[in-house]
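Descriptive structure summary
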Amino acid sequence: MTETLIPPIEESLADLDRLDLRTRMFIDGEFRDAAGGDRFVTENPATGRPITEVAEGGPADVDIAVAAARRAADDGRWSRLDPGARKRILIAWADLIETHARELGLIETIDAGKPITDTVGLDMPETAACIRWHAEAVDKLYGQVAPSPEGTIATITREPCGVVGAVIPWNYPAQMAAWKLGPALATGNTVVIKPASTTSLSLLRIVELGSEAGLPDGVVNVVTGPGGTVGEAIGRHPDIDCVAFTGSTEVGRRFLHYAADSNLKRVLLELGGKSPQIVFGDVSDLGSVAANVAVAIFWNMGENCSAGSRLIVHRSRKAALLEAIESELASWPVGDPLDPATRIGALISKDQMERVLGYIDIGRQEGARVVTGGSRILEETGGWFVPPTVFDRVTNDMRIAREEIFGPVLSVIEFDTEAEAVAIANDTPYGLAASLYTHDLDVAHRVAREVRAGVVGINAYSEGDMTTPFGGYKQSGFGGHDKSVHAHDQYTETKTIWIQLRPPA
Ligand code: NDP
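A short tour of the structure in this document, coming up. Just so you know, these numbers come straight off a predicted model, no measurement behind them. Numbering of residues begins from 1 in every chain and follows the order in which that chain's sequence is written. Only residues with pLDDT of 70 or above have their local features reported here, since the model is predicted, and side-chain atom pairs are shown and tallied only from 80 upward, although totals for entire chains, interfaces and linings are computed over all residues. Side-chain calculation: all heavy atoms of the structure are included, whereas hydrogens and water are not.

To continue, consider the sheet that holds strand S21 (residues 492–500). Only strands that DSSP links by at least two bridges are regarded as paired with each other. Secondary structure elements are taken from DSSP: a helix is a run of H or I of four residues or more, a strand is a run of E of two residues or more, and numbering for both begins at the N terminus. Spatial strand order, S5-S6-S21: three strands in an open sheet with antiparallel pairing. Lying at the two open borders of the sheet, with one neighbouring strand each, are strand S5 (144–145) and S21. Two strands pair when backbone bridges link them, and strand S6 (residues 152–160) and S21 are joined in this way by nine bridges, in the antiparallel orientation. Looking at S21, one finds that Ile156 is bridged to Thr496.

Definition of nearness: a residue and a molecule or strand are near each other if at least one heavy atom of the residue lies within 4 Å of the molecule or strand. Close to the ligand lie 29 residues; Trp170, Ser197, Ser248, Tyr258 and Arg355 are nearest. Gly247 has a polar backbone atom sitting 3.4 Å from a nitrogen atom of the ligand. Gln352 places a side-chain nitrogen or oxygen 3.1 Å from an oxygen atom of the ligand. With residues, only the protein chains shown are counted as cover, and all accessible areas are computed by Shrake-Rupley using a 1.4 Å probe. Protein coverage of the free-state accessible area of the ligand, which is 850 Å², stands at 85%. Elements represented by at least two residues in the shell around the ligand include exactly helix H8 (227–236), strand S10 (242–246), helix H9 (249–261) and helix H12 (350–365). Top contributing element to the shell around the ligand by residue count: H9, with four residues. Residue classes follow a fixed rule: Ala, Val, Leu, Ile, Met, Phe, Trp, Tyr, Cys and Pro count as nonpolar, while Asp, Glu, Lys and Arg count as charged, and any other residue, Gly among them, counts as polar. Considered class by class, the residues forming the shell around the ligand number 14 nonpolar, ten polar and five charged. Counted as a polar contact is a pair of N or O atoms within 3.5 Å, where, for protein atoms, one must be capable of donating a hydrogen and the other of accepting one, and residues adjacent in sequence contribute only when both atoms are in side chains.

What follows covers the pairing of strand S7 (residues 163–167). Put simply, side chains in a regular strand alternate between the two faces of the sheet. The buried fraction of S7 amounts to five of the five residues, a majority that puts the element mostly inside the structure. For every residue, the accessible area (1.4 Å probe, protein chains only) is compared with the maximum for its type, and the residue is labelled buried under 20%, exposed over 50%, or partly exposed between those bounds. Along S7, one buried face is formed by Val163, Gly165 and Val167 and the opposite face, lined by Val164 and Ala166, is buried too. Relative to strand S8 (residues 190–194), S7 is paired through five bridges, and the arrangement is parallel. If you follow Ala166 over to S8, its bridge partner there is Ile193. In the classification by handedness, the crossover that spans S7, the intervening helix H6 (residues 173–186) and the parallel S8 is right-handed. With four bridges connecting them, S7 and S10 associate as parallel partners. Bridged to Val164 within S10 is Cys242. A right-handed crossover is one whose linking path, passing over the helix from the first strand to the second, runs clockwise when the strands point away from the viewer.

Let us now look at the side chain of Ser435. Along the polypeptide, Ser435 turns up in strand S18 (residues 433–437). Judged by relative accessible area, Ser435 falls into the buried class, the value being 1%. If sequence neighbours within four positions are ignored, Ser435 has contacts with Pro276, Gln277, Ile278, Gly457, Ala460 and Tyr461. Two residues form a contact once any of their heavy atoms are found within 4.5 Å.

This next bit is on H6. A helix is expected to reach a length of 1.5 Å times the quantity of its residues less one. If you check H6, its first and last C-alpha atoms are 20 Å apart, about what 14 residues at 1.5 Å a residue would give, namely 20 Å. Counting buried residues along H6, 14 of its 14 residues qualify, which places the element largely inside the surrounding structure.

Okay, here's the thing in structure tokens:
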């Protein structure tokens, strides 16, 4: 964590006054207003007050952006650049993001309610690291030569899909953009990307930095505006070759319809989760387990697709673990996201807060018991704050154990046998992530294999790092993986070239 970058709260407030926000769409290398001239308000989740107005695009703006991306794809200004040149531009962009981490982190904090320690110290360095990682791979990945018969040569190479559409969520606005842009651009595509309406601001500044770093015009285009119009227009556009979506399972499903009804574009889905954290009876260091459990569910206010929202704990350890979690929560202050001491900021929107509080009511009605948290706090700020909330006496058939809440709400479920733990873990429509805690190697390996999830952390809550693929089983998505070289596969077509050699004269 780059602690020196995190400003004290007084400095953050002064920096806030100096912020020069970009609020227009970025298309073909320049900022422009929406074709219809509309704008919408974006609010600060920590105060409930407006920050500014952002251009509200529509299908006409998507057409303009796709046309720019198509021109850039067809004339090869990006895809046919030497791999080394593409790499240098992307690395220069990553460097600029890192240099501007304080400014970008501040923008993200006021727009998304995320703690400044996370946005400056993690989100922006990770955003830069993602773009840099994919850039560095550009001139190191080889194609293949097939074992074809004598007298022939067959090469198998990767080519860019062409124009990629990306529709991203609000929980990690900059990082999710980088997870799409990094591999899509590294493999030579051009992109039209839509941020979530609640969090457009950081991406607009980030793409401006890309232009400064040397990205040719039309290679990255940002259309801001609502999912129901801009997102759908991207999903249905006949000239987009591939669409990458991260967000709810419900909207992910729509993208399959959009593709089926239009040009059968490739659809990459990274969707919701209800990830289990299994704690076996043999674990001794409950303090360390509690610290991991807290990160898994309360980090980023629980607004995390891989959040470990179901704690499946051996009956013999439950009481002690609940106590350890309560002690751990003393080091998770909730409050002003601009304060570097804050670990839990505001939920993204009033709607999302009401949704989370609605689930807390449902949990109570279903017979679960609130151990800690359970109601809105800091209402006087005007912000949307919900403290870490832990439900005991949950059974896996309750709605709070089955549906993605996307807030700081943990459901605690007991088990007696290993088979029962695995059955509960797998009894979900989702399969994004899982973690398990045990000192028994046999149990660890066996259960890691049996749990149906894309990422399994053993004695840790982890999504891995940039070198490992991220993606889910079941209704958590399919079509590809974010991160690592596997992400390159999803943005490329495989081409076979079969060469018949003439026999010697
Ligand atoms: P959505 O899935 O609705 O939003 C994600 C993105 O899709 C946003 O850019 C959104 O635009 C866009 N979008 C929305 N509707 C459409 C549509 N009809 N066609 C095309 N694009 C669309 O998530 P929400 O913001 O509504 O959050 C609701 C729930 O979804 C959360 O509580 C959580 O459970 C889950 N979620 C999961 C995420 C994950 O990473 N797994 C991330 C975000 C949410 P706009 O912002 O303009 O609506």
